[in-house]
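Coordinate inspection notes
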Amino acid sequence: MHLPPFSHYQPASIEGAVRALAEHQGAKVLAGGTDLLVNMKHRVELPSALVSLSRIAELKGVRREGEATVIGAGTTLKEIQREEELGRKFPALVQAARAVGSYRHQTMGTLAGNLCQNTRCRFFNQSWQWRQARSLCFKAGGEDCHVIGRKNVCFCTYSGDVAPALLVLEGAVRVQGPQGIRQIPLAELYSGQGKSPLALGPSEVVTAVVIPEASAGRSHYEKFALRGSIDFPVVGAAVWRGDAGVRIAFTAVDRAPVRALDLEEALRGQELTDAAIETAAALAGKVAKVAPTTVHPVAFKRELMARLFAKGLRALR
Ligand SMILES: Cc1cc2nc3c(=O)[nH]c(=O)nc-3n(C[C@H](O)[C@H](O)[C@H](O)COP(=O)(O)OP(=O)(O)OC[C@H]3O[C@@H](n4cnc5c(N)ncnc54)[C@H](O)[C@@H]3O)c2cc1C
């Protein structure tokens with residue numbers, strides 16, 4: 001499969017990247033390319049230009065800023081795994097980075113690329129030839145969502161491994177665009193729309209992830225995938241435990257990663273006994289709008305949500 005034609009820019013600064021995005025309508029950011037280039041080969045994403053972040057040194061590395069750990073957006077998933085302090089303070093983040101795809105996805109794939117990856121669906125993530133057999137789905141430019149059989153709606157599922165870990169760590173993203181720099185809680189990066197899943201302006205770049213030191217401590221990420229060596233999660237669950245209670249988040253169950261506030265509330269003030277975890281687990285499948293965007297039945301995914309979060313909590317006892 002060949003890439004479609006596109007222009008390529010390699011600015012040396014974040015300002016240069018923002019400028020290049022603003023000057024070229026239809027341009028997209030290119031980080032490791034492990035998600036975007038595959039989608040371009042499948043002709044489901046056709047940016048006119050790619051603005052590579054590979055020459056921007058300030059997007060790399062981990063540093064301390066006051067009461068927060070700041071990780072550059074261009075830090076690779078492998079580099080995150082090699083940072084011993086991250087492993088000690090934020091185990092769920094490192095476990096999630098280790099769970100992504102294969103060795104090559106982790107050495108090329110970046111933190112922001114993982115968070116900003118496109119949503120997925122069995123009708124969308126297919127070759128051009130495969131998709132010729134029926135009308136284009138809404139996300140690919142047609143009218144209908146083939147998953148739920150309705151017009152002008154898209155249930156494509158967010159399937160990134162790292163986002164749920166950062167949700168339970170109450171991480172934020174720093175974003176730079178033509179209007180300046182802003183910092184938003186990670187949950188606000190996601191629009192909740194399958195078709196355009198990010199709530200970013202067209203010329204905005206994620207520059208860093210910020211994790212409060214208060215989240216350092218006990219956290220865990222559990223993933224179920226069909227192939228251990230290389231696969232997206234069928235479902236992933238992250239959990240965090242601290243004095244304030246537990247935090248729980250899921251991936252691969254809805255159009256955005258989901259923080260399970262109802263589940264957290266059900267466990268508030270309780271000891272994490274088997275009975276308490278099992279009672280809460282019965283609620284797990286209700287915290288997301290699971291759609292049949294993969295070959296796995298919805299009921300199976302709901303069951304996985306209950307089991308993975310329960311397994312994660314047991315690991316933190
Ligand atoms: C076979 C296969 C298996 C995979 N398995 C997994 C898996 O198990 N788990 C998982 O989570 N992912 C998986 N992936 C997806 C992908 O490899 C990873 O998510 C990877 O971390 C993406 O990072 P990247 O740097 O390569 O992103 P890119 O492909 O470069 O970018 C992805 C998207 O993010 C945008 N973007 C990148 N950086 C920024 C930024 N700084 N600011 C704004 N937007 C930005 C790009 O414009 C693009 O839309 C898999 C992919 C393949 C092909």
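Below you will find a few notes about this structure. Keep in mind it's a predicted model, so treat the numbers as computed, not measured.

About the criteria used
Residues numbered from 1 in each chain as written. Predicted model: local features only at pLDDT ≥ 70, side-chain atom pairs only at ≥ 80, totals over all residues. Helix = DSSP H or I, 4+ residues; strand = E, 2+ residues; numbered from the N terminus. Buried ≥ 20, exposed ≤ 12 C-beta atoms within 10 Å, placed from the backbone. Contact = placed C-beta atoms within 7 Å. Pairing = 2+ DSSP bridges. Axes fitted to C-alpha atoms, helices over the stretch in contact; angles between N-to-C directions. Near = placed C-beta within 6 Å. Left-handed = near helix turned anticlockwise from the far one by under 90°. Nonpolar A, V, L, I, M, F, W, Y, C, P; charged D, E, K, R; others polar. Core = buried A, V, L, I, M, F, W, Y, C linked by C-beta atoms within 7 Å. Expected span 1.5 Å × (residues − 1).

1. Notes on the overall build of the protein
The secondary structure content of the protein amounts to 12 helices and 14 strands. Looking at the protein residue by residue over its 317 residues, the buried ones come to 48%. Taking as baseline every contact in the protein between residues at least 6 positions apart, the subset at least 24 positions apart corresponds to 65%.

2. Regarding the sheet that holds strand 9 (residues 180–185)
Strand order across the open sheet formed by 5 strands is 4-5-10-8-9, with antiparallel pairing between neighbours. Of all strands in the sheet, those with a lone pairing partner are strand 4 (62–65) and strand 9, marking the two edges. Shown here is a sheet whose adjacent strand axes are inclined to one another by a mean of 25°, direction ignored. Summarising the sheet, strand 8 (residues 172–177) and strand 9 pair through 6 bridges and their orientation is antiparallel. Note that in strand 9 the partner of Ala172 across the bridge is Pro185.

3. Regarding the site of the ligand
Surrounding the ligand, one finds 32 residues, the nearest of these being Gly32, Gly101, Gly109, Gly113 and Cys116. Those elements giving two or more residues to the shell around the ligand turn out to be strand 2 (27–30), helix 2 (36–41), helix 6 (103–108), helix 7 (111–115) and strand 10 (205–212).

4. Let's talk about the packing of helix 11 (residues 274–284) against helix 12 (residues 298–315)
Between helix 11 and helix 12, whose axes approach to 8 Å, the crossing angle comes to 145°. Where helix 11 crosses over helix 12, the handedness of that crossing is right-handed. Judged by residue contacts, Ile277, Glu278, Ala281, Ala282 and Ala284 of helix 11 engage Met305, Ala306, Phe309, Ala310, Leu313 and Arg314 from helix 12. Looking at the contact of helix 11 with helix 12 residue by residue, the classes come out as 9 nonpolar, no polar and 2 charged.

5. Considerations on the sheet that holds strand 13 (residues 245–251)
Read across the open sheet, the 4 strands follow the order 11-12-13-14; overall the sheet is antiparallel. In the strand order of this sheet, the two ends are held by strand 11 (218–224) and strand 14 (258–259), each with one partner. Two elements, strand 11 and strand 12 (residues 235–242), share 7 bridges in a ladder whose sense is antiparallel. Residue pairing across strands places Arg218 opposite Arg241, the latter belonging to strand 12. Packed onto the sheet, helix 5 (residues 91–99) meets strand 11 and strand 12 and runs at close to 20° relative to strand 11.

6. Side note on unusual backbone geometry
One non-glycine residue, Arg43, lies in the positive phi region at around 65°. Following the sequence through the fold, Arg43 ends up in the loop between helix 2 and strand 3 (49–52). On the basis of neighbour counts, which here come to 16 C-beta atoms within 10 Å, the residue Arg43 falls in the partly exposed class. Positive phi is not limited to glycine here, since Ala252 has a value of about 70°.

7. Details of the environment of Gly228
Mapped onto the fold, Gly228 is located in the loop between strand 11 and strand 12. Owing to 9 C-beta atoms within 10 Å, Gly228 belongs among the exposed residues under this scheme. Through-space distance from the C-alpha of Gly228 to that of Gly149 is 32 Å; in sequence the pair is 79 residues apart.

8. A closer look at the pairing of strand 12
Across the 8 residues of strand 12, 7 count as buried, placing the element largely inside the fold. In terms of strand pairing, strand 12 meets strand 13 through 7 bridges, oriented antiparallel. Note that in strand 13 the partner of Gly236 across the bridge is Thr251. Between strand 12 and strand 13, which pair antiparallel and follow one another directly, the connecting turn spans 2 residues.

9. Looking at the nonpolar core
Ala92, Leu93, Ala165, Val168, Ala238, Met305 and Phe309 are the most contacted members of the largest nonpolar core, which has 98 residues in total. For this core, the element with the highest residue contribution is helix 12, accounting for 7 residues. Discounting chain neighbours no more than four positions away, the residues touching Ala92 are Ala165, Val168, Leu169, Ser219, His220, Tyr221, Ala238 and Trp240.

10. Some points on helix 12
The terminal C-alpha atoms of helix 12, which comprises 18 residues, lie 26 Å apart, in line with the 26 Å expected from a rise of 1.5 Å per residue. Buried within helix 12 are the following residues: Lys301, Leu304, Met305, Ala306, Leu308, Phe309, Ala310, Gly312 and Leu313. Each element contacted by the buried residues of helix 12 is listed here: strand 11, strand 12, strand 13 and helix 11.

11. Thoughts on the pairing of strand 5 (residues 68–72)
Put simply, side chains in a regular strand alternate between the two faces of the sheet. Of the pairings in the sheet, the one linking strand 4 to strand 5 comprises 4 bridges and is antiparallel in character. Along strand 5, the bridge assignment pairs Val62 with Ile71. Connecting the antiparallel pair strand 4 and strand 5 is a turn made up of 2 residues, with Gly66 showing a positive phi of about 55°. Examined bridge by bridge, strand 5 and strand 10 share 5 bridges and lie antiparallel to one another. Of the residues in strand 10, the one forming a bridge with Gly72 is Ala208.

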